[in-house]
Amino acid sequence: MSTLDHKLLHDIGASRGQIAAIALVVACGISVFVAMLAAYRSLELSQRAYYRANRFADVFAHLTRAPRALEARIAALPGVATAQVRVISDVSLDVPGREEPATGRLVSVPERARPRLDDLSVRAGRYLQPSDRSQVLVSEAFANANHLHVGSLIGAVINGRLQHLRVVGIALSPEFVYEIHGATDIWPDSERFGVIWMGERALSAAFDMQGAFNDLEVALAPGADEQAVVERIDALLARYGGLGAYGRADQPSHRFLSSELAQLRVSATIVPAIFLGIAIFLLHLLLSRTVGTQRTQIAMLKAFGYGNGAIGLHYVWYGLVIVASGALLGLGAGLWLGWILTRYYGVFFHFPILRFQAGIGLLALTLLLVALAGVAGSLAGVRSAMLLPPAEAMRPQPPARYRPALVERMGLHALLPSPIRMILRNVERAPLKSLLSCAGLALGVATLVVGRSSFDAIDLMLAHQFYVIEREDATIAFDHTVSLRASHELAALPGVIRVEPFRAVPIRVRKGHRSRRIALLALDARATLYRIVDLRGRVLQPPRQGILLNERLAQALGVRPGERIALDVLESARATRSVRVAATVDELIGTTAYMERGAAARLLREGPAISGAYVGVDARERTALEAALKRMPSVANVAFRDRTIANFRSTIAQSLAVSTALLILFATVIAFGVVYNSARIALAEHGRELAVLRILGFTRGEVTLVLLGEQALLTATAIPAGIVAGRAIALSFSAAYSSELYRIPTAVSTTTEAFATLVIAAAAFVCGMLFQRQLAALDLVGALKIGE
């Protein structure tokens, strides 16, 4: 072992406290990097394997009714590799143990063979057999949420008749990895919505669809033009009430999964960069101070023949050892956190196999990141050591240039006690070090603010959507368009105190080459249970002339109020209309268009028809209402607002507890690392001065104030700066994570700011207590010999 190796081990032992603090910061950054990228890799590989193994379709289309003979013509279209036709319908379910009706999406599958596309993964029980028409497979999420198992019976209102379905298996499908009711939903509600696969013959007979279909899936041939295939399919299905074919990118489940994967990649880049940036800064401080205190040793090494390269490499190894120790800890923690994160995603995204896979590539990337951080943090110290002439290094480091501080030049020094003036002088004489220390602490505060602000944003979204916009007690949707008379029947049900009907129409809006498939929601002009409210709290009325567009939708189409757009009606009576954009509304969820119900009826050239109703309910008669709704054959979906909110909050509460704990841990590590290293360096640099102060009669408390007061001042300055930085980062995250599906608002509550302040102040206080003990044991005689 060479002399430099012995020196390296000695330096590591002498600075073990500071090394541990820096290593913990590195560990935090590496753990977040590994966890998020590993979760991303696990989800992406599981998605690809699942799609490939179960033959996930590329193009989808829904229609009113077409003969099965059309399947062969579709399969023969250029670019089509496989076509599969089905019968699909949403029905009302009577689930054992549930008071309110649930919604089931019945999907036909062949009894004598497996589906050619979107094949099922049977998790429990068995696949369907042709001998029993009442047998069904249910989605795993729905089964788990409602405690269903093989052998359970479910009541379903099919084509106006109550039928009892027997569960013979629990299954998954690549079509419903993210199981939501409709394209406008953003959060799954597995208790109230589930997918049920039923035999093709049985389901066709139940809906009088023998020899017909109302849904289509297509797999594309390699190299096929998706848009061209979509146009050919639309042309074939137009006379059969086709609602417009669309590609995989617009398929609701795939769209949400792809959005989540994109967000994971963003998080895996930004968050670790914060931690590693702080680690590089702390390593820079440590090595700069180490080189400054080892001037004599460096001179002697150079005098004995060690070149600049060897000495520079020695300090590079010093930095690499520090970050490597943190990387080992971070790698283990990151793999564990990544496994937990992957399992957490498994609650929302349903794969038959969701394996946690880190991969050699991720480990190699982590090693490269660690090496870059170590070298970057060591550069300043290495440069100082290499440029230091031996003759100059043999002399003690020249004392700092002392001059009056700003408060003294302003004549305010007489108003301040001596320890405070010393603190201000130390901060002013090392402005770069003070600024960087303050920036590190501010990033710790910002980390807490950003993390907690996501939950503030969710609370704001909930409050705006469910207490400002949606004020109904329940939303009732019918399985098909019905006459306005149905709203009077709803008003006669027990407990119903107000009914506001609505019309929901699937449409495609077009402007030039840009188009979007959305829902047109037609409301009464004086509706109060469901209102159109923008983010500034303004209530807008559904227009009697023209159409009101969601602002993000208008931006996607490139239109402004006053311009005209093409509107394709995607219902049985397909038509194209030209409408004027009356206004836009800034909303958080969805891309919806609005019209007054009467105006929509005129646009569609139909009578007074409705798709459902928002209702106010007397809570005392709610049980009777739920029982009555279960018996109504035309009711496809019932959603009670309070249960939707409770389900949403219970799910969020799980992630809130874990995320908050990790945020506290990471921010504490940042604060402790910055305060500890800054105080430790201050103690090493000013140990002689502190000892002189004690000999001159300063009390232990005053000496402690001089050392830790500087850190307290930096911490107090960093907290408001960190809050401002946290708000700015939260704003950038909001823009990065928002999509057409939903917009994440920027929200930072006073509770979040107080929480961040408390955590950082507590970490700094604990660190100060550790140094108070070191000051109590300060060797006055030994300290006075420094530099002699």
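What you see as residue numbers is a count from 1 along each chain, following the sequence as written. For this predicted model, a pLDDT threshold of at least 70 governs which residues receive local features, and a threshold of 80 or more governs which side-chain atom pairs are given and counted, while totals over whole chains, interfaces and linings are taken from all residues. Hydrogens and water are ignored here; the side-chain numbers use all heavy atoms of the structure.

## Observations regarding a negative patch on the surface
Working step 1: The grouping of Asp225, Glu226, Glu231 and Asp250 at the surface amounts to a negative patch.
Working step 2: Looking at the secondary structure, you find Glu226 in helix α6 (residues 226–237).
Working step 3: Accessibility here uses a 1.4 Å probe with only protein chains present; expressed as a share of the type maximum, an area under 20% marks a residue as buried, one over 50% as exposed, and anything in between as partly exposed. Note on Glu226: relative accessible area 34%, which makes it partly exposed. Any residue with relative accessible area above 30% and no salt bridge may belong to a patch, with like charges joined within 9 Å and the nonpolar Val, Leu, Ile, Met, Phe, Trp and Tyr side chains within 5 Å. To measure how exposed things are, a 1.4 Å probe is used in the Shrake-Rupley method; for residues, cover is taken only from the protein chains shown. The term salt bridge refers to a side-chain nitrogen of Lys or Arg lying within 4 Å of a carboxyl oxygen of Asp or Glu. We score Asp and Glu as negative and Lys and Arg as positive, and we do not count His or the chain ends. The atoms used to mark charge sites are NZ of Lys, CZ of Arg, CG of Asp and CD of Glu. Helix numbering and strand numbering both begin at the N terminus, where a helix is a DSSP run of H or I of at least 4 residues and a strand a DSSP run of E of at least 2.

## A word on the packing of aromatic side chains
Working step 1: Stacked, tilted and edge-to-face pairs are distinguished by plane angle, under 30 degrees for stacked and over 60 for edge-to-face with tilted covering the rest, among Phe, Tyr and Trp rings (Trp via its six-membered ring) whose centres lie within 6.5 Å. By the definition in use, this model includes 12 aromatic pairs.
Working step 2: Ring centres of Phe60 and Tyr246 lie 5.8 Å apart, and the angle between their planes is 25°; this geometry places the pair in the stacked category. Note that Phe60 is positioned in strand β1 (residues 59–67) and Tyr246 in strand β11 (residues 246–247), a separation of 186 residues in sequence.
Working step 3: A relative accessible area of 19% places Tyr246 in the buried class.
Working step 4: Taking 4.7 Å as the distance between ring centres and 35° as the angle between the ring planes, the aromatic pair formed by Phe502 and Tyr614 counts as tilted. Remark: Tyr614 occurs in strand β21 (residues 609–617) and Phe502 occurs in strand β13 (residues 496–511); sequence separation between them is 112 residues.

## A few points about the pattern of salt bridges
Working step 1: This structure, assessed with the given rule, holds 26 salt bridges.
Working step 2: Across the pair Glu140 and Arg123 runs a salt bridge whose closest N-O atoms are separated by 3.1 Å. Highlighted residues: Glu140 in helix α4 (residues 140–145) and Arg123 in strand β5 (residues 121–125), separated in sequence by 17 residues.
Working step 3: Using a relative accessible area of 17% as the deciding quantity, one classes Glu140 as buried.
Working step 4: Among the residues examined, Arg123 registers a relative accessible area of 38% and is labelled partly exposed.
Working step 5: When salt bridges with common partners are traced through the structure, they connect Arg86, Glu175, Asp215 and Glu217 into a single cluster.

## Digging into a nonpolar patch on the surface
Working step 1: Judged by side-chain polarity, Leu313, Trp317 and Val321 come together as a nonpolar surface patch covering roughly 280 Å² of accessible area.
Working step 2: Its location among the elements puts Leu313 in helix α9 (residues 308–348).
Working step 3: Since its relative accessible area comes to 47%, Leu313 is described here as partly exposed.

## So, the sheet that holds β11
Neighbouring strands of a sheet are bound in pairs by backbone hydrogen bonds; such pairs are parallel or else antiparallel.
Working step 1: By the convention used here, strands pair only if DSSP detects at least 2 bridges between them. One open sheet accounts for 4 strands, arranged β2-β10-β1-β11; its pairing is antiparallel. Strands with a single pairing partner mark the edges of an open sheet, and in this sheet they are β2 (80–86) and β11.
Working step 2: Pairing of β1 with β11 involves 2 bridges; the strand directions are antiparallel. Looking at β11, one finds that Phe60 is bridged to Tyr246.
Working step 3: Across the sheet, α6 lies against β1, β2, β10 (212–220) and β11, angled at about 10° from β1, the strand it touches most. Note on definitions: a residue-residue contact is assigned when non-hydrogen atoms from the two residues lie within 4.5 Å. Here an angle of 0 to 180 degrees is reported between the N-to-C directions of two axes, which are lines fitted to C-alpha atoms, with helices fitted over the stretch in contact.

## Points about the side chain of Glu472
Working step 1: Along the polypeptide, Glu472 turns up in the loop between α14 (431–469) and β12 (474–483).
Working step 2: Polar contact is the term for a pair of N or O atoms within 3.5 Å; when the atoms are in protein, one must be able to donate a hydrogen and the other to accept it, and sequence-neighboring residues count only if both atoms are side-chain atoms. At 3.1 Å, the side chain of Glu472 forms a polar contact with the side chain of Thr475.
Working step 3: The contacts of Glu472, once residues within four sequence positions are left out, are Leu529, Tyr614, Val615 and Arg641.

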